[in-house]
Amino acid sequence: AARMFLRLLSYIHWRVANPKWRRMTCSQQSTSSTAEPHVAALPAQAQVVICGGGIMGTSVAYHLSKMGWKDIVLLEQGRLAAGTTRFCAGIVSTARRASIELKMADYSNKLYEQLEQETGVQTGYMKTGSISLAQTQDRLISLKRIASSLSVMGIPCEIITPKKVAQLHPLINIHDLVGAMYVPEDALVSSANVSLALATAASRNGVQIHERTSVSHVTVQKGRVTAIETDRGQIKCQYFVNCAGQWAYELGHAAEEAVNIPLHACEHFYILTHPLNEPLASNLPTVVDPDGRIYIRNWQGGILSGGFEKNPKPLFTEGRNQLEIQNLQEDWDHFEPLLGALLRRMPDLEALQIMQLVNCPESFTPDMRCIMGESPTVRGYFVLAGMNSAGISYGGGAGKYLAEWMVNGYPSENVWPLDLKRFGTLQSSRTFLRHRVMEVMPLMCDLKVPRWDFQTGRQLRTSPLYDRLDAQGARWMEKHGFERVKYFVPPGNDLLDLGQSKTFYKPDWFDIVGSEVKCCKEAVCVIDMSSFTKFEISSTGDEALESLQYLFSNDLDVPVGHVVHTGMLNEKGGYENDCSIARLSKRSFFMISPTDQQVHCWAWLKNRLPDDSNLTMEDVTWKYTALNLIGPRAVDVLSELSYAPITPEHFPSFFCKEMSVGYANGIRVMSITHTGEPGFMLYIPIEYALHVYNEVMNMGQKYGIRNAGYYALRSLRIEKFFAFWGQDLDAFTTPMECGREFQVKLDKGMQFVGQEALLEQKQNGVYKRFTMFILEDHDTDADLWPWWGEPIFRNGRYVGKTTSSAYSYTLERHVCLGFVHHFDEKTGEELVVTTDFINQGEYEIDIAGHRFQAKAKLYPFSSFFTNRRRKDEMELSGYQGE
Amino acid sequence: FYLTPPQVNSILKASEYSFKVPEFDGKNVSSVLGFDSNQLPANAPIEDRRSAATCLQTRGMLLGVFDGHAGCACAQAVSERLFYYIAVSLLPHETLLEIEDAVESGRALLPILQWHKHPNDYFSKEASKLYFNSLRTYWQELIDLNSGETTDVKEALINAFKRLDNDISLEAQVGDSNSFLNYLVLRVAFSGATACVAHVDGVDLHIANTGDSRAMLGVQEEDGSWSAVNLSYDHNAQNKNEVERVKTEHPKSEEKNLVKQDRLLGLLMPFRAFGDVKFKWSIELQKRVIESGPDQLNENEYAKFIPPNYHTPPYLTAEPEVIYHRLRPQDKFLVLATDGLWETMHRQDVARIVGEYLTGVHHQQPIAVGGYKVTLGQMHGLLTERRARISSEFEDQNAATHLIRHAVGHNEFGTVDHERLSKMLSLPEELARMYRDDITIIVVQFNSHVI
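Conventions we followed
- Residues numbered from 1 in each chain as written.
- Chains lettered and ligands numbered in written order.
- Predicted model: local features only at pLDDT ≥ 70, side-chain atom pairs only at ≥ 80, totals over all residues.
- Heavy atoms only, no water.
- Helix = DSSP H or I, 4+ residues; strand = E, 2+ residues; numbered from the N terminus.
- Rg over C-alpha atoms; globule rule 2.2 N^0.38 Å.
- Buried < 20%, exposed > 50% of the residue type's maximum accessible area, 1.4 Å probe, protein only.
- Salt bridge = Lys/Arg side-chain N within 4 Å of Asp/Glu carboxyl O.
- Contact = heavy atoms within 4.5 Å.
- Buried area = accessible area lost by both parts, 1.4 Å probe.
- Polar contact = N/O pair within 3.5 Å; in protein donor to acceptor, adjacent residues only side chain to side chain.
- Nonpolar A, V, L, I, M, F, W, Y, C, P; charged D, E, K, R; others polar.
- 1 Å grid on protein atoms, 1.4 Å probe; cavity = no way out; pocket = protein on both sides within 12 Å on 5 of 7 lines; lining within 4 Å.
- Points joined across faces, edges and corners; volume = space filled by probe spheres on them.
- Domains from an automatic or database assignment.
- UniProt positions renumbered as here; feature names shortened; annotations may be inferred.
- pLDDT = per-residue confidence, 0-100.
- Phe/Tyr/Trp six-rings, centres within 6.5 Å; stacked < 30°, edge-to-face > 60°.
- Lys NZ or Arg CZ within 6 Å of the ring centre and 35° of its normal.
- Core = buried A, V, L, I, M, F, W, Y, C linked by side-chain atoms within 4.5 Å.
- Patch = residues over 30% accessible without salt bridge, like charges linked within 9 Å, V, L, I, M, F, W, Y side chains within 5 Å.
- Areas by Shrake-Rupley, 256 points an atom, 1.4 Å probe, with all protein chains shown as cover.
- Pairing = 2+ DSSP bridges.

## What about the overall build of chain A?
Each helix and strand counted, chain A has 23 helices and 41 strands in total. Relative to the compact-globule value of 29 Å for 882 residues, chain A shows a C-alpha radius of gyration of 28 Å, a close match. A principal-axis box enclosing the C-alpha atoms of chain A has dimensions of 90 × 65 × 55 Å. Per-residue burial over chain A gives 63% buried out of 882 residues.

## As for the pattern of salt bridges
Inspection of every chain in the model, using the stated rule, returns 55 salt bridges over all chains. Where B:Arg50 meets B:Asp121, a salt bridge forms, and the shortest distance between an N and an O atom there is 3.5 Å. Here B:Arg50 is found in strand S3 (residues 48-55), whereas its partner B:Asp121 is found in the loop between strand S5 (113-115) and helix H4 (128-144), with 71 residues between them in sequence. A relative accessible area of 15% places B:Asp121 in the buried class. A salt bridge links B:Lys252 to B:Glu255; the shortest N-O distance between them is 3.4 Å. By relative accessible area, B:Glu255 is classed as partly exposed at 30%. Residues joined by salt bridges that share partners form a network here, namely A:Lys521, A:Glu677, A:Glu719 and A:Lys720.

## Some details on the interface of chain B and chain A
With 14 residues of chain B at the interface, the matching set in chain A holds 17 residues. In total, about 1,500 Å² of surface goes out of reach between chain B and chain A, with carbon and sulfur atoms giving 62% of it. Joining chain B to chain A, the criterion identifies 5 residue pairs in polar contact (both at pLDDT 80 or more). Here the residues of the side of chain B that touches chain A sort into 7 nonpolar, 4 polar and 3 charged.

## Looking at empty space enclosed by the protein
Residues and elements named next belong to chain A. For the structure shown, the criterion picks out 9 cavities of 30 Å³ or more. Within this model, the second largest cavity holds a volume of roughly 110 Å³. Where the lining of the second largest cavity is concerned, the elements lending two or more residues are helix H20 (710-719) and strand S38 (797-808). Here the lining of the second largest cavity is built from residues that sort into 8 nonpolar, 3 polar and 2 charged.

## Regarding the domain arrangement of chain A
All names here are of chain A. Structurally, chain A comprises domain 1 (45-364) and domain 2 (766-857). Computed over C-alpha atoms only, the centres of domain 1 and domain 2 are separated by 35 Å. Contact residues are listed per partner, giving 8 residues for domain 1 and 14 residues for domain 2. For the pairing of domain 1 and domain 2, the buried interface totals around 870 Å² over both sides, and the portion due to carbon and sulfur atoms is 60%. Summed over the three residues of domain 1 that lose the most area to domain 2, namely Arg145, Ser148 and Val152, the buried surface amounts to 59% of that side. In this assembly, domain 1 and domain 2 are joined by 1 salt bridge. A salt bridge links Arg145 to Glu790, with the nearest nitrogen and oxygen atoms 2.9 Å apart. Where domain 1 touches domain 2, the interface holds 4 residue pairs in polar contact (both at pLDDT 80 or more).

## Considering the UniProt feature "domain: Rhodanese" (unreviewed entry) in chain A
The residues that UniProt annotates with the feature "domain: Rhodanese" (unreviewed entry) are residues 48-91 of chain A. Taken end to end, residues 48-91 of chain A is 36% helix and 20% strand, and its first and last C-alpha atoms sit 30 Å apart.

## Considering the confidence of the model for chain B
For chain B, the average pLDDT comes to 87, and 93% of its residues sit at 70 or higher. Predicted as a complex, the structure gets a pTM of 0.70 and an ipTM equal to 0.81.

## A few points about the side chain of B:Ser37
Residue and element names in this part refer to chain B. Take Ser37: it is sitting in strand S2 (residues 32-40). Taking the relative accessible area as the measure of exposure, Ser37 reaches 3% and is therefore buried. Excluding anything up to four places from it in sequence, Ser37 contacts Ser15, Glu16, Tyr17, Arg50, Asn398, Ala400, Ile441 and Ile442.

## Details of the packing of aromatic side chains
Residues and elements named next belong to chain A. Under the defined criterion, the tally for this structure stands at 41 aromatic pairs over all chains. Taken together, the ring pairs in this structure connect Tyr487, Trp509, Phe510, Tyr711, Trp785, Tyr807 and Tyr809 into an aromatic cluster. Its end group placed over the ring of Tyr107, Lys400 keeps NZ or CZ at 4.5 Å from the ring centre. Geometry around Trp604 places Arg608 over its ring, the cationic atom sitting 3.3 Å from the centre.

## Things to note about the nonpolar core
Residue and element names in this part refer to chain B. Formed by 60 residues in total, the largest nonpolar core has its most connected members in Leu82, Phe83, Ile86, Leu113, Phe190 and Phe274. Broken down by element, the residue count for this core peaks at 12 residues, all from helix H2 (residues 73-90). Setting aside anything within four residues of it in sequence, one finds Phe190 in contact with Asp276, Val277, Lys278, Trp281, Val289, Ile290, Leu297, Tyr302 and Ala303.

## Structural notes on a nonpolar patch on the surface
Together, B:Leu431, B:Met434 and B:Tyr435 make up a nonpolar patch on the protein surface, roughly 350 Å² of accessible area in all. The exposure class assigned to B:Tyr435 is exposed, which follows from its relative accessible area of 53%.

## Considering the sheet that holds strand S3 (residues 91-92) of chain A
All names here are of chain A. Pairing within the open sheet is antiparallel, and its 3 strands lie in the order S3-S8-S4. In this open sheet, the two strands that pair with only one neighbour each are S3 and strand S4 (126-127). Strand direction decides the pairing type here: S3 and strand S8 (residues 187-188), joined by 2 bridges, are antiparallel. The residue of S8 that forms the bridge with Val92 is Ala187.

Right under this line is the structure:
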């Protein structure tokens, strides 16, 4: 079985490789009996040790060495490119949904194209193009959305008719197709050879490569990587990069302090055939038929075809290790549905002779996105793994971003969607991973409609009110393992149908959420927001205040009982986090951050707070249940439940008071709602949660109280032009760019992180601007709904993408939020975006290829705020806009 | 509230039983590979019984299902006794002599039957002496009657059925000095039971049926699909011949009262049965036996009640209808089941589900291309064929259990719906009987290599 792959590996090219490197790699081919007896000794120390000689490890080594880091050792337990890399199908496809993935794939494609010329190693690069087929209208919509993204990235691509498909590929049965997407610059490579080429170039740049060396342990001292242990001795190092593919999870646990890398391997099958009578041309496009769950590429005159079945087979759950992936069982019965799909797509292949069914494990992650970045607990420990079957497409770009991360402190693009820190220890249960990847692998081909949720690995973290809310018709989604309510299905509605219809158009919960929004506007609603990340930071002296003043951009030296909305910025002024901080006492602070900040924010603060025993930080997320009382009558409900005066005079906006509600004492009440609507957040010690909830609901009855979910919250905050971190804000967005200069106190009398960058922006202007768009000619019932990631056009030219969108029940229009750039018409260079630039344009939003007129606004509609109850209106208006 | 799949399985599997005919030299020379049986109660206690045994003094295997009514006493007695009557009827003269001689001289008796019993299938200890004496009287009569002819299976089956029913009737009339036994024989006689029994000996298959249980042969057609062949006729109002038979046995004046509301005399669903002396004895006999019987019987309203329009008994017989079938290679299995199954499933579906189950279980060896030349089309054909065979539910190790799962849990699409299954199984005792009947199934698998 392996014999054929020796051909794939093309040893001829191997020998062409740099003789210097051959000497250093001390590697032998298992087939060669005249192997060099000399094995080069491992160095005693190095700046960087990379573990894993697949496409990821070699790409990181390649890029690091290109960026000038030379003291690098790459270790491979078997032979280079002998794992998943060797077996993978070698398709370089840029048709990706997320923009960061798209950029990685595009870069990889360009890198591989010139790699042969650069290194002299044949990579088998062939620009064949790819055709993604649509059997249904919904699939075609999905492809059109991708096509829109590709086009604005400058990647050629077009939506084509079935007839055109037949012209591009003679074997395809087009009778059941409604259309397709053609990406002419997608390519094929020999993945193993690409990896070898990268290794060759890296070794020319001084990287030492050692095969047959496995890492057994990573030594951590004081939260930093200091050395690694191998079966051939120790290497002291400053940085360790875990590129161990499907073994990355286990390797992550082989350290003093475990690094959780949530991925799990699944068997993946593809078939190889002998050549056709008239061998297929090597430039024939690759065919992806997601509705049939298969891909088909030409391979040595025959075909290579595999897919992503509905019933995947996870493996190595118990963590069996092995040197190289070989001798995994072929399972024809398992492959039958995919073979059926292949023959339906290309009926003429019936008579084609089978060569082999290959079983090649791939690793998958809990959210279908790869894992990169630095460990939140061990500094200097980097990870790049979990490619979800797209290792070759991402390899070049992912390696580049990780190298930038290590050398510059952060990559040149926002990689938060891929950041290891989006996961915590909660995602590293093997049972969770096993169940989740069984859902993720079929999802590779499933239609992804807006707002889909994972079904496996649920009900892990829940609010104490979960059962109460569930019994009242709550429908749930999950964030960072926490169950959150989407909306409440009123009794009497057909429960089964709701939430099951998948659509790109108006969803079935439209009216339900509408009535929740109405109740927030006119009466009062309760939303359980317990998932928020909550930290307490306190000190014996002024250490807490001093540190926080340095780490946060707003002025935290406010009177006790005030709440401050502030960004946690990086050196470039970008948002690492966006949070609310309440000053509980002179020396202690209560910090509320988005749910998925639990790991990232903790690591960020831990690494920057002074190592001072007088200063303590505690994660109290689990200690408090958070209820959001939204609406004009919230004040009435709360007044009846507490003897403390709640009137605006006694309890203005952005205040925090510890008080009793009902029988329960010690409830932290804050006059904020995260939506711009009047109301309160109640932080309730969990043992009182049910009591307080019951009291609020009972008392609220006469004010028309009802439960509401996050969809209502979303609609409210988006129509109020509220940016959310993780959706709209990221590490590459500054307060100046999203109209939040008022949350930055440049003159607070002391330095803070990001200050310089912000000062410069204040002087020179910003290069992108957060803008609100109201869709004008969009028919809510008949047109495709915006989601996020839709291109924005200004006067017919692409200026940016949306980051979130919602239907505003108040405006009765769709509202999209997004960033507008100003690209020079000739050079494409980014220019300063001025208010005039925003205001003097005609805008369109492109939803799956259809452009809708949109009105741009830099400030929210002031008419919304008839209910405002603040004394200092200056700050309010500032809070909403500028 | 729903039962979890493991809970459902433990309920379904509580009574399952499998028997594999032992192999010699790695070969099974018997025409029967083995059988799976199971039962699911709806009544409490269940009124169905089942039996399986290998004849030791003659060749062949006996399998039967018995559906009791008005209690389980009759079905229990028939399940214990009928196979002995059949086996004895089949025994050659010399063997009968040998046995009688052994009993006479107090020597150890040659074993006649090897039973294949689930732990729940019990035999009544108290009545064994009484039953044995009746059986002995039967073989003594057979010895006296020695015709010298070789025993015809069909005749032996008919004789055994009739003789046992006769003995049940006689024992009740005679009574017993032991009050427990006295009450038992009366309960046996006043309750009833249908019987569907298969006798398999090589390629010769006989089905003797009394009542509305059913025997069905599963046949695999050349294209691999499954079809069903009936090997019994239901003795009930739906069977025209049976209605005709009853009518010819009674005066014309009774004709319109014989079958009412699809029941015999408006009361009994099966038209043939063991026991049920209320439909066999004269009114005088019934009254005499009940009056002299124990108080419990006197207080039993059912026993005391005389069927209306009761003029010319007997109205009921235990005589079976016997069907002979010579097994062919395409005959893969036999299903014996009480009406609880046939009420919910069509025989064609039964044939398909069992067929796919049995072949699926046997075709799980993985395939490999190896060095052969195989085209994509050939491979696909092979795989789809295997898929068609492999049933979705491997969880059942027992074909009868698998069938019960379908019978109770199948939805309108013909697939097993866990929710429905769970609901049906969690019905309280008093409701269960309204939604389903007791189900008892035996699936006999034939050995195509021998046939």
